[in-house]
Amino acid sequence: MAGKSSCEFCAYYNYNEYYDDYECSVNLDEDDLARFMQSGESNCAYFRFSDDYKIVEKQN
């Protein structure tokens, strides 16, 4: 991934059964969303690598 973030590996990228599609679940206010959409950067400032082992660790 070398400096690039991919939604497919992000902890905020969740499946929405109602729309039968994946979506980003980061809660952005209007200002943050406008900055994010206008930035033109390929890297997401909110990217957090999804670590399934960490999730299971919390469940135990």
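Residues numbered from 1 in each chain as written. Predicted model: local features only at pLDDT ≥ 70, side-chain atom pairs only at ≥ 80, totals over all residues. Heavy atoms only, no water.

**Student:** Explain the environment of Phe-36 residue by residue, including any values.
**Tutor:** With respect to the helices and strands, Phe-36 occurs in helix α1 (residues 30–39). Owing to a relative accessible area of 33%, Phe-36 belongs among the partly exposed residues under this scheme. The spacing of Phe-36 and Tyr-46 is 10 residues in sequence and 9.8 Å in space, taken between C-alpha atoms. (Helix = DSSP H or I, 4+ residues; strand = E, 2+ residues; numbered from the N terminus. Buried < 20%, exposed > 50% of the residue type's maximum accessible area, 1.4 Å probe, protein only.)

**Student:** Before we move on, could you go through the pattern of salt bridges and cite the residues and values that matter?
**Tutor:** The final tally for this structure, using the stated rule, is 1 salt bridge. For Asp-32, the salt bridge identified is with Arg-35, shortest N-O distance 2.9 Å. Highlighted residues: Asp-32 and Arg-35, both in helix α1, separated by 3 residues, approximately one helical turn. Exposure remark for Asp-32: the relative accessible area of 23% places this residue in the partly exposed category. (Salt bridge = Lys/Arg side-chain N within 4 Å of Asp/Glu carboxyl O.)

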